[in-house]
Amino acid sequence: MTAGVVGTPAALHRRSGSAAPGPGFLARPRALWHRRRAVALLVTRDLKVRYASSALGYLWSVLEPLMLAGIYWFVFTQVFTRTVGAEPYLVFLLAGLLPWTWFQGAVVDAARALHTEAKLVRSTNVPREVWVVRVVLSKGVEFLLSLPVLLLFALLYRAPVDGHLLLLVPAAVLMAVLTLGAGLLLAPLVVLVRDLERVVRIALRLGFYASPVIFAVRDVPAPFDTVFALNPLSGILELCRAGFFPGAVQWAHVGLSATVSITLLLVGWTVFARLERTVLKEI
Amino acid sequence: MGAPTDRAVISVRDAGVRFHRGRRHRSLRDLLVRGESGPRRDGFWALHEVSFDIAPGETIGVVGRNGQGKSTLLKLIAGVMLPDRGSVTVRGGVAPLIEITGGFAGDLTVRENIALTGGLHGMSRAALRDRFDEIVDFAEIEDFLDTPYKHLSSGMKVRVAFAVVSRLEEPVILVDEVLAVGDRDFRRKCHARMDQLTAEGRTLFLVSHSEWDLRRFCRRGLYLRGGRLVADGPMDDVLAEYAAESETNAPGG
């Protein structure tokens, strides 16, 4: 075949029936990067819908984590005597609930992304990963926009804010990698096996308590703490708390979190590429 | 047939697409372990061993009865479906006028939809700014620019969609039955636009049941039957063959 030799490589679109995902593992990320404007467009559209269409706009995106934080604060400091987490507990809660909101929202929406956008997927030739990446980034931007609320509460409660606050950057990167991996894995599977969407919701509900959101990993007693140490969210949440709670980070957790996240991304992307052909027929 | 020529803008080699009858949901194990390779008993080939090369500027009409693979072929070329066998190579981008209103979001206004669809199909911001007025004029939609897309009549929806997609600077244009919608005036405008595009040297791929359209726009014809390419030649000859076969095989679907 001489087809690949002529013309600019970027403009040549070759699709073949072999199971191999094209020339080189980087072909798909490169194609995605090439169409980054489509991603930017969709993310902007999501944010516009989120913040411009309703009067409460911004408040909506922080209301749920704020309410949850309030409830947990009430239950664990007023009803029970709190022995977990760290002081100030409300800041501890928010620093866990805001990233959790991103994680949960991104995984739920990404899992059904190909299904909800079926019409666009069927009529637009953009790399199909776009539909998942768009969800992860939209939710990520919402997370970033909610950070001032966290800082506000940290100031109100006089939490010791220091330079470790910068660890929010690697935390956000890891979270993006993790949710992208989960989304790429789930999105094609949900199209083919519809009831998986429900499984995802239940798993997330359980996952909330299997993640150190309302408590820290060190609060978990012996046999169970392994589960939490293996949870990729542990490292990420610790990085989010590092700026307010000195000594919150256990680097072993962060290392594990990075390993799991990157592995999941590779697995997810492989499954996505492998199922793409089938998904396009079923959609 | 043979190797694809260097000049081909579209090169289809032994392309096959296999669909499954029924059994939409399958087991996770099947999917993860075996992928989508290996033939299945309950499947059928919507497209089978189709090969052809299209040179830049050619105008191709695709004929065949319903369900014989015409739309599947267009989807392969548009890149919104992938072949199970063989390969489809397209040099440059494709402006797909297929499932035409599908890419529009009902909740967004016409203005936002034009920007979104243009962008998703690869139109740059500058190009969009330049062509926005032209698109609005063509679609005759200036009074409804800030109306949500879902409130438009179906004719208006098609007009907007055609106006945007036909403004894409892509070397290949795919047109699937959109001309059947819309009133006579708009159809005339679409025809003029297609004439203009082919005169500029774009490659046109037209699926239609209108012999008149096919004869007017296409010089080369492809005839699909049962997913196979049974004729490839001058449009008039292909139409004659299609008509002859349609008469011998009494209508049934």
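As the structure is a prediction and not an experimental result, all values here were calculated from the model.

**Regarding the packing of helix H4 (residues 89–111) of chain A against helix H9 (residues 196–209) of chain A**
The packing of two helices is summarised by the inter-axis angle and the distance between the axes.
Residues and elements named next belong to chain A.
In step 1: The N-to-C vectors of H4 and H9 enclose an angle of 165°; their axes lie 10 Å apart at closest approach. As summarised for this structure, H4 and H9 are arranged roughly antiparallel, according to the angle between their axes. For the pair H4 and H9, the sense of crossing is right-handed. Where H4 abuts H9, its residues Leu97, Trp100, Phe103, Gln104, Val107 and Val108 lie against Val200, Arg201, Leu204, Gly207 and Phe208.

**Looking at the UniProt feature "transmembrane region" (unreviewed entry) in chain A**
All names here are of chain A.
In step 1: Sequence positions flagged by UniProt for "transmembrane region" (unreviewed entry) are, in local numbering, residues 55–76, 88–111, 131–157, 163–187, 199–217 and 251–272.
In step 2: Annotated as 96% helix and 0% strand, the span residues 131–157 places its first and last C-alpha atoms 40 Å apart.
In step 3: Between the end C-alpha atoms of residues 163–187 there is a gap of 38 Å, over a span that is 80% helix and 0% strand.

**Remarks on the layout of surface pockets**
Residues and elements named next belong to chain A.
In step 1: Counted as a void, the second largest pocket has a volume near 690 Å³.
In step 2: If you go around the second largest pocket, you meet 26 residues; those closest to its centre are Glu64, Trp100, Thr101, Gln104 and Gly105.
In step 3: By residue class, the composition of the lining of the second largest pocket is 14 nonpolar, five polar and seven charged.

**Quick notes on unusual backbone geometry**
In step 1: The omega torsion across Glu87(A) and Pro88(A) is -5°, close enough to zero to call that bond cis.
In step 2: Along the chain, Pro88(A) turns up in the loop between helix H3 (58–79) and H4.
In step 3: Positive phi is not limited to glycine here, since Arg158(A) has a value of about 55°.
In step 4: What makes Arg158(A) exposed here is its relative accessible area of 74%.
In step 5: With phi around 50°, Glu140(B) is a residue other than glycine that occupies positive phi space.
In step 6: Tracing the sequence through the fold places Glu140(B) in the loop between helix H4 (125–139) and helix H5 (154–165).

**What to know about the nonpolar core**
In step 1: Judged by nonpolar contacts, the single largest core of 100 residues is most densely connected at Phe103(A), Leu114(A), Trp131(A) and Leu150(A).
In step 2: Residues within four places of Trp131(A) in sequence aside, it is in contact with Leu42(A), Ala113(A), Leu114(A), Glu117(A), Leu120(A), Val121(A), Val126(A) and Leu120(B).
In step 3: Judged by nonpolar contacts, the second largest core, of 44 residues, contains Leu152(B), Val160(B), Val175(B) and Leu204(B).

**A short note on empty space enclosed by the protein**
In step 1: Summed over all chains, the structure comprises four cavities of 30 Å³ or more.
In step 2: Considered as a void within the structure, the largest cavity measures approximately 110 Å³ in volume.
In step 3: For the lining of the largest cavity, a count of residues per class yields eight nonpolar, one polar and three charged.

**What to know about the domain arrangement of chain B**
In step 1: On domain assignment, one finds that chain B holds domain 1 (1–25 + 43–93 + 172–186 + 198–248) and domain 2 (101–169).
In step 2: Look at where the C-alpha atoms of domain 1 of chain B and domain 2 of chain B centre, and you get two points 26 Å apart.

**Concerning the packing of helix H2 (residues 36–52) of chain A against helix H3 (residues 110–120) of chain B**
In step 1: Direction vectors running N to C along H2(A) and H3(B) enclose 155°, while the axes themselves pass 8 Å from each other. If you check the angle between H2(A) and H3(B), you find them roughly antiparallel. The two elements H2(A) and H3(B) cross, and the hand of that crossing is left-handed. Touching Arg37(A), Ala38(A), Leu41(A), Leu42(A), Arg45(A) and Lys48(A) of H2(A) are Glu112(B), Ala115(B), Leu116(B), Gly119(B) and Leu120(B), all from H3(B).
In step 2: Grouping the constituent residues of the contact of H2(A) with H3(B) by class yields six nonpolar, one polar and four charged.

**Section: the environment of Val130(A)**
Residues and elements named next belong to chain A.
In step 1: Positionally, valine 130 belongs in helix H7 (residues 130–156).
In step 2: Exposure remark for valine 130: the relative accessible area of 0% places this residue in the buried category.
In step 3: Along the chain, valine 130 and proline 29 lie 101 residues apart, while their C-alpha atoms are 10 Å from each other.

How each quantity is defined
Residues numbered from 1 in each chain as written. Chains lettered and ligands numbered in written order. Predicted model: local features only at pLDDT ≥ 70, side-chain atom pairs only at ≥ 80, totals over all residues. Heavy atoms only, no water. Axes fitted to C-alpha atoms, helices over the stretch in contact; angles between N-to-C directions. Helix = DSSP H or I, 4+ residues; strand = E, 2+ residues; numbered from the N terminus. Parallel < 35°, antiparallel > 145°, perpendicular 65-115°, else oblique. Left-handed = near helix turned anticlockwise from the far one by under 90°. Contact = heavy atoms within 4.5 Å. UniProt positions renumbered as here; feature names shortened; annotations may be inferred. 1 Å grid on protein atoms, 1.4 Å probe; cavity = no way out; pocket = protein on both sides within 12 Å on 5 of 7 lines; lining within 4 Å. Points joined across faces, edges and corners; volume = space filled by probe spheres on them. Nonpolar A, V, L, I, M, F, W, Y, C, P; charged D, E, K, R; others polar. Buried < 20%, exposed > 50% of the residue type's maximum accessible area, 1.4 Å probe, protein only. Core = buried A, V, L, I, M, F, W, Y, C linked by side-chain atoms within 4.5 Å. Domains from an automatic or database assignment.

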